[in-house]
Amino acid sequence: MKAEGLQRTGSFKVRGAVNAIAALAPEARARGIVTMSAGNHAVAVAYAARAYGAPVVVAMPETAPRVKVEMTRAYGGRIEFAPDVTRLMPVVEQARERGMTFVHPFDDPLVIAGQGTVGLEIADDAPDLHLVVVPVGGGGLVSGIATAVRARLPSARVVAVEPAGAPKVRRSLDEGRIVRLERVDTIADGCAPPYCGGIAFDVIRELVDDVVLVDDAAIADAMRVVFDAVRVVVEP
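From a predicted model like this one, the values you see are computed outputs, not experimental measurements. Here the residue numbering is sequential within each chain, running from 1 through the sequence in written order. Local features in a predicted model are, by the rule used here, given only for residues with pLDDT of at least 70; side-chain atom pairs are given and counted only at 80 or more, and totals for whole chains, interfaces and linings are based on all residues. By convention in this description, side-chain values take in all heavy atoms of the structure and omit both hydrogens and water.

Describing the overall build of the protein chain
Here a helix means four or more residues in a row that DSSP labels H or I, a strand means two or more in a row labelled E, and each is numbered from the N terminus. Looking only at helices and strands, the protein chain features 10 helices and seven strands. Computed over its C-alpha atoms, the radius of gyration of the protein chain comes to 17 Å, within 12% of the 18 Å expected for a compact globule of 236 residues. Taken along the three principal axes of its C-alpha coordinates, the protein chain extends 45 × 40 × 35 Å. Residue burial is assigned from relative accessible area. The probe radius is 1.4 Å, only protein chains are included, and a residue is buried under 20% of its type maximum, exposed over 50%, and partly exposed in between. With 236 residues in all, the protein chain has 50% of them scored as buried. In this analysis, two residues are considered to be in contact whenever any of their non-hydrogen atoms come within 4.5 Å of each other. In the protein chain, the share of contacts with a sequence separation of at least 24, taken over all contacts with a separation of at least 6, comes to 67%. Charged side chains of the protein chain number 26 positive and 29 negative; the gap between the two group centres comes to 4 Å. Note on method: radius of gyration uses C-alpha positions; expected globular size equals 2.2 Å times residues raised to 0.38. Positive charges come from Lys and Arg, negative ones from Asp and Glu, while His and the chain ends are left out of the count. A charge is said to be at NZ when it belongs to Lys, at CZ for Arg, at CG for Asp and at CD for Glu.

Rendered as structure tokens:
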């Protein structure tokens, strides 16, 4: 198990956020950063922006977990709420009109490359592995991991796991185009974007062997299994 919940800010998202913001020109950072997120990416961008002295605006759904809202604010993020995850882009567009740089949570090559360092570490730690299982939301993590693992361990399979209540990647693959969901319904808020990114979609089609749907009951059961097996509390 790759325990990214023990990362600074509490998830793998800090990898991509730091990579993307570090790559910006100083004048772009001075104008500020904007992003959208149900929680983990919001916290990560706020952390990374503070490290570089950049102001940050975060569009979050009103349903975002309170702990993630509080963490985002603790790192200096200014939050603007939208009714749900399907209506975050207007906040982002307003900030971009003011000159802020948008750091997308999963459809940005620098963010994907940062998340891909998880795959590099997996390959270094387990060079004989034959299967990597990765949760998928917008696709940034699995596309980064798949790129890294296939480069280092070309015979290994990569399988993505997606909530049945937010099947945007599975449906997109089945229909051969990016499908935007009108509604999501899952306890796994970190895996609940209404669509997958275009960059990620292309990588998933090429490098990911399968996308498997699991229901919320199975997700909750997996949380219990992880706690019983390794005494680590993970989010859905």
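What about the nonpolar core?
Note on terminology: a nonpolar core comprises buried Ala, Val, Leu, Ile, Met, Phe, Trp, Tyr and Cys residues joined through side-chain atoms within 4.5 Å. Counting residues in each nonpolar core, the largest one holds 26 residues, and the members touching the most others are Val142 and Val208. Excluding residues that lie within four positions of it along the chain, Val142 makes contacts with Val134, Val136, Val158, Ala160, Ile204 and Val208. Judged by nonpolar contacts, the second largest core, of 25 residues, contains Val14, Ile33, Met60 and Ala64.

Some points on the sheet that holds strand β3 (residues 78-82)
Pairing between two strands requires that DSSP report at least two bridges joining them. Taken together, four strands build an open sheet; the order of strands is β3-β2-β1-β4 and the sheet is parallel. Only two strands of the sheet have a single neighbouring strand rather than two, namely β3 and β4 (101-102). As defined by bridge partners, strand β2 (residues 56-61) adjoins β3 across five bridges and the pair is classed as parallel. Among the inter-strand pairings, Ala59 is bridged to a residue of β3, identified as Glu80. Working convention: axes come from line fits to C-alpha atoms, limited for helices to the stretch in contact. Angles between N-to-C directions cover 0 to 180 degrees. The strands that helix α4 (residues 66-74) touches are β2 and β3; relative to β3, the one it contacts most, it runs at about 145°. Across the face of the sheet, helix α5 (residues 89-97) comes into contact with β1 (33-36), β2, β3 and β4 while running at roughly 170° to β1.

Overview of the sheet that holds strand β5 (residues 131-135)
Taken together, three strands build an open sheet; the order of strands is β5-β6-β7 and the sheet is parallel. Every other strand in the sheet has two partners, leaving β5 and β7 (210-214) as the edge strands with one partner each. The sheet shows a mean angle of 30° between the axes of neighbouring strands, direction not considered.

As for the side chain of Thr72
Take Thr72: it is sitting in helix α4. Among the polar contacts listed, one links the side chain of Thr72 to the backbone oxygen of Lys68, at a separation of 2.8 Å. The definition of a polar contact used here is a pair of N or O atoms within 3.5 Å, where within protein one atom must be able to donate a hydrogen and the other to accept one, and adjacent residues in sequence count solely through side-chain atom pairs.

As for the pattern of salt bridges
Definition used for salt bridges: Asp or Glu carboxyl oxygen within 4 Å of a side-chain nitrogen of Lys or Arg. Using the criterion set out here, one finds 19 salt bridges in the structure. Between Lys2 and Glu4 there is a salt bridge; the shortest N-O distance is 3.0 Å. On the basis of relative accessibility, which here comes to 32%, the residue Lys2 falls in the partly exposed class. Glu4 gets classed as buried once you look at its relative accessible area, which sits at 11%. Asp221 serves as the salt-bridge partner of Arg224, at 3.5 Å between the closest nitrogen and oxygen. With a gap of three residues between them, Arg224 and Asp221 both fall in helix α10 (residues 216-230), about one helical turn apart.

Comments concerning the packing of helix α6 (residues 109-125) against helix α7 (residues 140-152)
Helix packing geometry: the angle between the two helix axes and the distance between the axes. Here α6 crosses α7 at 45°, and the two axes come no closer than 7 Å. One element, α6, and the other, α7, form an angle in the oblique class. The chirality of how α6 crosses α7 is right-handed. Contacts from Ile112, Gln115, Gly116, Val118, Gly119, Leu120, Ala123 and Asp124 in α6 reach Gly140, Leu141, Ser143, Gly144, Ile145, Ala148, Val149 and Arg152 in α7. Across the contact of α6 with α7, the residue classes break down as eight nonpolar, six polar and two charged. Roughly parallel here means an angle under 35 degrees, roughly antiparallel means over 145, roughly perpendicular means 65 to 115, and every remaining angle is called oblique. A clockwise turn of the near helix away from the far one marks a right-handed crossing, whereas an anticlockwise turn of less than a right angle marks a left-handed crossing. In this classification, Asp, Glu, Lys and Arg are treated as charged, Ala, Val, Leu, Ile, Met, Phe, Trp, Tyr, Cys and Pro as nonpolar, and every other residue, Gly included, as polar.

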